[in-house]
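The lines below spell out each chain.
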Amino acid sequence: QKEVEQNSGPLSVPEGAIASLNCTYSDRVSQSFFWYRQYSGKSPELIMSIYSNGDKEDGRFTAQLNKASQYVSLLIRDSQPSDSATYLCAVRTGGATNKLIFGTGTLLAVQP
Amino acid sequence: DAMVIQNPRYQVTQFGKPVTLSCSQTLNHNVMYWYQQKSSQAPKLLFHYYDKDFNNEADTPDNFQSRRPNTSFCFLDIRSPGLGDAAMYLCATSISLAGTKNIQYFGAGTRLSVL
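Notes on the structure in this doc start here. If you're wondering where the values come from, they're calculated on a predicted model, not measured in any experiment.

## Digging into the sheet that holds strand β7 (residues 61–66) of chain A
Residues and elements named next belong to chain A. Here five strands make up an open sheet; going across it, the order is β1-β3-β8-β7-β6 and the pairing antiparallel. With one partner strand each, in any of the chains shown, β1 (4–6) and β6 (54–58) form the two edges of the open sheet. The mean angle between the axes of side-by-side strands here comes to 20°, regardless of whether they run parallel or antiparallel. Bridging between β6 and β7 involves five bridges; their strand directions are antiparallel.

## A look at the interface of chain A and chain B
Taken together, the contact pairs 20 residues of chain A with 24 residues of chain B. In this assembly, chain A packs against chain B so that about 1700 Å² is buried in total across both faces, 53% of it on carbon and sulfur atoms. Summed over the shared surface of chain A and chain B, the number is one salt bridge. A salt bridge links lysine 99 of chain A to glutamate 57 of chain B, with the nearest nitrogen and oxygen atoms 2.9 Å apart. The tally of links from chain A across to chain B stands at four residue pairs in polar contact (both at pLDDT 80 or more).

## Some details on the packing of aromatic side chains
As enumerated under the stated definition, the model contains 12 aromatic pairs over all chains in all. Judged by centre distance (5.7 Å) and plane angle (85°), the rings of phenylalanine 102 of chain A and tyrosine 35 of chain B are edge-to-face. Within this pair, whereas phenylalanine 102 of chain A is found in strand β10 (residues 100–102), its partner tyrosine 35 of chain B is found in strand β4 (residues 31–37), the two belonging to separate chains. With a relative accessible area of 0%, tyrosine 35 of chain B lands in the buried category. With centroids separated by 5.2 Å and ring planes inclined at 55°, the aromatic side chains of tyrosine 49 of chain B and phenylalanine 54 of chain B adopt a geometry described as tilted. Three or more aromatic residues link up through ring pairs in this structure, and these residues are Tyr36 and Phe102 of chain A together with Tyr33, Tyr35 and Phe106 of chain B. A cation sits over an aromatic face here: arginine 60 of chain A above phenylalanine 61 of chain A, 5.5 Å from the ring centre.

## Considerations on the sheet that holds strand β3 (residues 19–25) of chain B
Residue and element names in this part refer to chain B. Pairing is antiparallel in the open sheet, where four strands are placed in the order β1-β3-β8-β7. Because the sheet does not close on itself, it has two edges, and the strands there are β1 (4–7) and β7 (64–67). The sheet shows a mean angle of 20° between the axes of neighbouring strands, taken without regard to direction. Of the pairings in the sheet, the one linking β1 to β3 comprises four bridges and is antiparallel in character. The residue bridging valine 4 from the neighbouring strand is glutamine 25, located in β3.

## Some words on unusual backbone geometry
Of the consecutive residues glycine 9 of chain A and proline 10 of chain A, the connecting peptide bond is found in the cis state with omega at 10°. Tracing the sequence through the fold places proline 10 of chain A in the loop between β1 and β2 (11–14). Cis peptide bonds are those with omega within 30 degrees of zero, and the linkage from asparagine 7 of chain B to proline 8 of chain B qualifies with -10°. Along the polypeptide, proline 8 of chain B turns up in the loop between β1 and β2 (10–13). Positive phi outside glycine occurs at aspartate 78 of chain A, with the angle close to 50°. Mapped onto the elements, aspartate 78 of chain A comes out in the loop between β8 (71–76) and β9 (85–92).

## Concerning the pairing of strand β9 (residues 87–94) of chain B
Residues and elements named next belong to chain B. Buried residues dominate β9, accounting for eight of its eight residues. Burial along β9 is two-sided: the face carrying Ala87, Tyr89, Cys91 and Thr93 and the face carrying Met88, Leu90, Ala92 and Ser94 are both buried. Here β4 pairs with β9 via seven bridges, running antiparallel. Its bridge partner lying in β9, methionine 32 is registered against threonine 93. In this structure, β9 lies alongside strand β11 (residues 110–114), joined through three bridges in antiparallel fashion. Its bridge partner lying in β11, alanine 87 is registered against leucine 112.

Cut-off values and rules
One numbering rule holds for all chains: residues counted from 1, following each sequence as written. Here the convention is simple: chains get letters from A, ligands get numbers from 1, in the order in which they are written. Per-residue local features are limited, in this predicted model, to residues with pLDDT of at least 70; the limit for side-chain atom pairs, both in listing and counting, is 80 or more; totals at the level of whole chains, interfaces and linings are taken over all residues. Heavy atoms throughout the structure, all of them, feed into the side-chain values; hydrogens and water do not. Two strands qualify as a pair provided DSSP detects at least 2 bridges between them. Strands are runs of DSSP state E lasting at least 2 residues, helices are runs of H or I lasting at least 4, and numbering of each runs from the N terminus. Under this scheme, a helix contributes an axis fitted over its contacting stretch, all axes are lines through C-alpha atoms, and angles between N-to-C directions fall in the 0 to 180 degree range. Two residues qualify as a contact provided that any one of their heavy atoms is within 4.5 Å of a heavy atom in the partner residue. Two parts placed together each lose some accessible area; with a 1.4 Å probe, that loss summed over both constitutes the buried area. What counts as a salt bridge is simple: a side-chain nitrogen of Lys or Arg found within 4 Å of a carboxyl oxygen of Asp or Glu. In protein, a polar contact means a hydrogen-donor-capable atom and an acceptor-capable atom, both N or O and within 3.5 Å, with residues adjacent in sequence counting only if both atoms are side-chain atoms; elsewhere, any N or O pair within 3.5 Å suffices. Only Phe, Tyr and Trp rings take part, Trp by its six-membered ring, and two of them pair if their centres are within 6.5 Å. Stacked means planes under 30 degrees apart, edge-to-face means over 60, and tilted covers everything else. The cut-offs for exposure are 20% and 50% of the maximum accessible area for each residue type, with area from a 1.4 Å probe on protein chains only; residues under the lower value are buried, those over the upper are exposed, and the others partly exposed. Whether a charge sits over a ring comes down to the Lys NZ or Arg CZ being within 6 Å of the ring centre and within 35 degrees of the ring normal.

All we've got here are geometric facts, nothing functional implied.
Laid out in structure tokens, this is it:
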């Protein structure tokens, strides 16, 4: 059974701090990794995608991937109350149809 | 402009009364997905269409059916909704071509309530 594991949280950080969200996956051959942000009652919104080992930065967001450790993380710098949401880690399975396996998400609460 | 559009946003149905949820897309993506998401849970893939080919997940109940009459539209039919089917239903699309990043884009979702 292919799995994606996340700490459900809540992760509470003060405004302006760095929030660090973590995810592990079980399928060693996975190649594509995604972070989605989901506000309460809304649909998932893509924040970051990462495909190779190392760091990928986009504004205040940095995704980090370590395939040897089967670990992917998301760092949010200068956290804002508007970043408060559930962050879903998703891993693409093999094959042409691009199926994603989602973790249950980490709830982030940024305190003003 | 919304690219993956789901209607209605909120749907209330009665126990056992058939209901249809719709999804349309302007992205011309060849793959469309339906997910079910319950509170505090991960989105669960029900099925997907790769072009016209229907792919059902092994654990999707027979109560759930889908239709894709053309590239732009996809429907989720729940033949006899039970209380346990109350959830958010998410439609997503992606393009599956060599060299693309195969990112899935989600619609706003339909919140289904069963009375």
